[in-house]
Every structure is written in structure tokens, then in C-alpha cells.
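# Breakdown of the fold
What follows is the residue order along each chain.
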Amino acid sequence: MRLTPSRAVLAALLLMTPAVPFALAQDQAPSSAPSSEPALEAPSSQPAAPSTEPSSEPAADPVPDDEVPEEPPAPKEPRTQEEIYQDLSFFGEVFDRIRREYVDAPDEQTLLRAAINGMLTSLDPHSGYLDPKMFEDVQEDTSGQFGGLGIEVTMEEGIIKVVSPIDDTPAQRAGVLANDYIVELDGKTVQGMSLDDAVKLMRGPIGSKIKITVVREGATEPLYFELARDVIATRVARYSMEGDVALIRLARFTEQAYPGIQKAIKDIYEERKGVAPKGIILDLRNNPGGLVDQAVYVTDAFLKQGAVVLTRGRDSEESTRYDARPDDLDAKIADVPLIVLINGGSASAAEIVAGALQDHKRATLVGTRSFGKGSVQSIIHLGANGGIRLTTARYYTPNNRSIQAAGITPDIVITENVPEEFAGRDEILGEAGLSGQIGGGTEEQATTGSSVYVPADKAEDTQLQYAIKLLLGEEKNDAFPPKAAG
């Protein structure tokens, strides 16, 4: 069959060979951090890439080395080549009719990209087309790095206030201080500008320059700075000491996730002059996920051996197992009790970590049921055309649980005291409530909502306070500490 020029273009797009994929346990999602220009110096290097082969050391019970997830449902009978070309011909006819007869002359590239996006979004809620700008944004989002000034900012009475300059960044080196007010960016007043718009102006190509005007308390005249943007790493891991208990909040699984955990633990021990905390709380609440390899690295920080996650694609040979390896970090905190906080906003990569630590009895999970996103997306670069986000596998916890549309149930269910104004609006069904979700999980799908509410005041945070009391021995529960099968 001969293809018309329009149909030939379509066939070329559909048959294009993808290249350079990388795996996401969660498609791009809004950061849970406040709108700002968050930044942190680049942390220490990451460990070697996780092995996809079974560990030479036995996995912790109950994780048999040779056990693999159940096969997904058999696919439908494939269409013949002739039927596929008939469908392409039909598409070409519609495409030509739009080009010839639509009331205004359409942009053909926009039409084709919309068709490709429609094809992808019809598969499941997490697949889709990424135009070149969107693809660039996803790369920045997953890397956790951008060209910027190195200041954390907030909006106060319509003016941008510096929360903190980050060490060894352009802003800090130039002398910008906490509590400075930025009133102009390249001569444009920030009064009336949204925080997001101001942040976009501060970000830009590495090496490009921007002039900022600062008002400082005690200074009689405005201060003027010309800063050259540099590589800034987004800070996704933060820690605090709640008495003798260390709290580590991990907001996302960008490339900065494991280095952030590594640095937080290092700083905790330095602050305590080498004395181990009485326990660690890893807060994964409302963490939307991110990169699979970062979920593996973070889990490996708390395990010395055994499976972390298993992924299974369409073909059995695509099955992959990632294992933990012994290292100095997990040896350092091996005897420190661990509690993981999860809720209805803990998704994908966060669920990989929580599920693995729960299966290995390394941690006790506290909170409410997680989101239930048990699929992996590959981001595939298509050159100048941008790229696609395509669901390529389901993932399984070490005990072969696929939590797709089911979520992970914590060992100890603790709910927050939700303020009256949020009552009834704090719960989400999660993946089970998304139209077109792929199903195929091993657990029963969720039918009720799970809360995503977390109080800003730690003293009012019921889940956090309960975890602290467990670690200090002020609360008792059979699920803590977790007990390995005998």
C-alpha cells in the first residue's frame, strides 16, 4: 500500500526508534516543597549503580532468590499488519480532511503531537507525550538541578524575602543575606509579581547574568548585585533532631535524594559528636516519587542485603531485580531503630522504599495507606521532537507484592486530627481512583480514601509524635520493633 505524504509522516513518527530511556517510579508531579528557588550545594557522590543480578549473599527472609512475580494477564490477540495499515490510512484521511477543511488553517505539527499524546494518554494515566520544553523540564525536575542564584525565598507582603542563601552559591558569595528583600530583578519591580514568576526570572542558563536590587534592614540605600547563574542542586532531604530522635524528611526522589539522605545521616552524627540517635524517623508523607534508582539507593542505605524491588515488563526476560549491598552507611545505622511515615500522598518510589523496609522487617510503617502507584515509566528521548513518558513495567516489593491501586498498609495505622475546614477533603482514593489505571496488582484494590493531611506544627502532628514516643519507649505496640519471621 502506498502512503500519501501526510500518512508517510505519521508512519515515520510511529515507527521511530526510541533511545536513551531512564526509569521513573512516578511521572512528573508537583513538588511538595513551597514555591521558591530552593538550592543546596551538590552533595557527595552516589554509590555504584545497583546490580540487576541476584546478590551472591542470601536475601533476608522471606525473599527467595529464585522467586519472581506472577505473570500479568495475557495480552489481547495482536492486530495483523494489514489491519494496522488500514487504521493508519484512516488516520491519514482524517488528518488530510482537517488540513483542507478546518475553519482556520491548522498547524500540522501541533495536530500530530496532539494525536501522539492522545495515543499515549489512552494507555494509562501516567503515559504521555513531552514536547521539547516539557522534556527539558522533566530532565531538570528529575536531576534536581537548575541554573540559578542559590537562595531560598518566600513572598512577604508582595515582596520577595530571602529565607536563606545557600553556601558556596552565587548569592552567598556576593553577600546576599537572610531576611534581605529583593525588590527588583533586572530592573523589573517584583511588587505584584507571583512568587513562581519571580523564581522563573531568577533561574536561567548557567553563566547568564541577572541584576537584583535588595533592601536590607539597617541599610539607608538599596543594594545592587549582579550575579552569574550557576548549577544549583535542589535540597530534597532535610533533618532535625526531636530530642534524641532524628527526623529525616525526604520530599522527592530526584538525583539528590540519596546524597541528601547520606548527608543528613552524616550531619546527625556530627551534631551528636558520633553518638547514634535513639531512632530515625524517615518521613515519606506526600512524597510523590521519582527515580527508581534513587528509591533503590535510599533503601540500600538502611539494608545490608536482599532484594529491594523487582520490576516486570511485558516479556519475562525484561524482569529485573535490584539488591542491597553492605556498605559503611548501613553498617553505621544497623542498630538504630527505624520508623517510616507514610500517607495517601506517598507514591511510587516512596512506596518502593516503604514496601522494601516493611518486607525486610527493617522498619515499622506508621500512618495511613499509601497512594498505590505500582508502575514504572521510562522517559524516552526522541531528539528534536522531545520525548515520551511510557509505562514499561510493574514493580513488586521483595515479598512479590504489587501494590498497584492498593497501596501499602502501614503496620500501625495512625490518623491525624484534621481541622474542621479540611474535614472530608483531606482524603484521596489514590491510583485506584484514576481513570484508565492499569490494574494487575496482587492485593485488593483500595475502595476508601487515605488522608494526605500533615499539620505544619510538629507538636500537633499525631503521626510524628506517636513515632517519637515509640522510639523513646513511651508508647508500646506489637508491631514495634518489627520481628523477622522465625
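Since this is a predicted model, take the numbers as computed values, not measurements.

### Considerations on the packing of helix α7 (residues 257-271) against helix α8 (residues 292-300)
Packed helices, taken two at a time, are described by their axes: the angle between them and the distance between them. Two elements in contact, α7 and α8, have axes separated by 8 Å at closest approach and are oriented at 20°. One way to sum up the angle between α7 and α8 is to call them roughly parallel. Here α7 runs over α8; the crossing is right-handed. Contacts between α7 and α8 involve A257, Y258, P259 and I261 from the first element and Q294, Y297 and V298 from the second. Here the contact of α7 with α8 is built from residues that sort into 6 nonpolar, 1 polar and no charged.

### Structural notes on the pairing of strand β11 (residues 237-242)
Bridge count for β11 against strand β12 (residues 245-250) is 6 bridges, and the pairing is antiparallel. The residue bridging S240 from the neighbouring strand is L247, located in β12. Linking two consecutive strands that pair antiparallel, namely β11 and β12, is a turn of 2 residues; a positive phi of about 70° is found at G243 within it.

### Some words on the nonpolar core
In this structure, L250, F253, L282, V298 and V340 are the most contacted members of the largest nonpolar core, which totals 49 residues. Among all residues touching L250, those that are not within four sequence positions of it are V236, A237, A257, I261, L282, D283, L284, N287 and V298. Counting 21 residues, the second-largest nonpolar core is a separate cluster that includes M193, A198, I210 and L227.

### Quick look at the confidence of the model for the protein
Any residue range with low pLDDT should be treated as having predicted coordinates unsuitable for detailed reading. For the protein, the mean per-residue pLDDT works out to 86, and 84% of the residues sit at or above 70. Note on residues 1-20: pLDDT is under 50 here. Beyond four places in sequence and across chains, it has 31 contacts. Low pLDDT, under 50, characterises residues 27-69; the predicted model gives this stretch 119 contacts beyond four residues in sequence or across chains.

### A look at helix α6 (residues 195-202)
Every buried residue belonging to α6 is among L195, A198, V199 and M202, and all of these are buried. Buried residues of α6 fall within an arc of 100° about the axis and therefore sit on the same side.

### A few points about the sheet that holds β11
Sheet architecture is open: 6 strands sit in the order β11-β12-β13-β16-β17-β20, paired in mixed fashion. Both edges of this open sheet fall to β11 and β20 (412-413), since each of them pairs with a single strand only. By the bridge criterion, 4 bridges tie strand β16 (residues 338-342) to strand β17 (residues 364-367) in an arrangement that is parallel. Residue V340 lies in a different strand from β17, and its bridge partner there is L365.

### Describing the pairing of strand β5 (residues 159-165)
Of all 7 residues making up β5, 5 are buried, and the element is well covered by its neighbours. Here 6 bridges tie strand β4 (residues 151-156) to β5, and the two strands are oriented antiparallel to one another. By the bridge assignment for β5, T154 is matched with K161. Connecting the antiparallel pair β4 and β5 is a turn made up of 2 residues, with E157 showing a positive phi of about 55°.

About the thresholds
Residues numbered from 1 in each chain as written. Predicted model: local features only at pLDDT ≥ 70, side-chain atom pairs only at ≥ 80, totals over all residues. Heavy atoms only, no water. Axes fitted to C-alpha atoms, helices over the stretch in contact; angles between N-to-C directions. Helix = DSSP H or I, 4+ residues; strand = E, 2+ residues; numbered from the N terminus. Parallel < 35°, antiparallel > 145°, perpendicular 65-115°, else oblique. Left-handed = near helix turned anticlockwise from the far one by under 90°. Contact = heavy atoms within 4.5 Å. Nonpolar A, V, L, I, M, F, W, Y, C, P; charged D, E, K, R; others polar. Pairing = 2+ DSSP bridges. Core = buried A, V, L, I, M, F, W, Y, C linked by side-chain atoms within 4.5 Å. Buried < 20%, exposed > 50% of the residue type's maximum accessible area, 1.4 Å probe, protein only. pLDDT = per-residue confidence, 0-100. Arc of directions from axis to C-beta.

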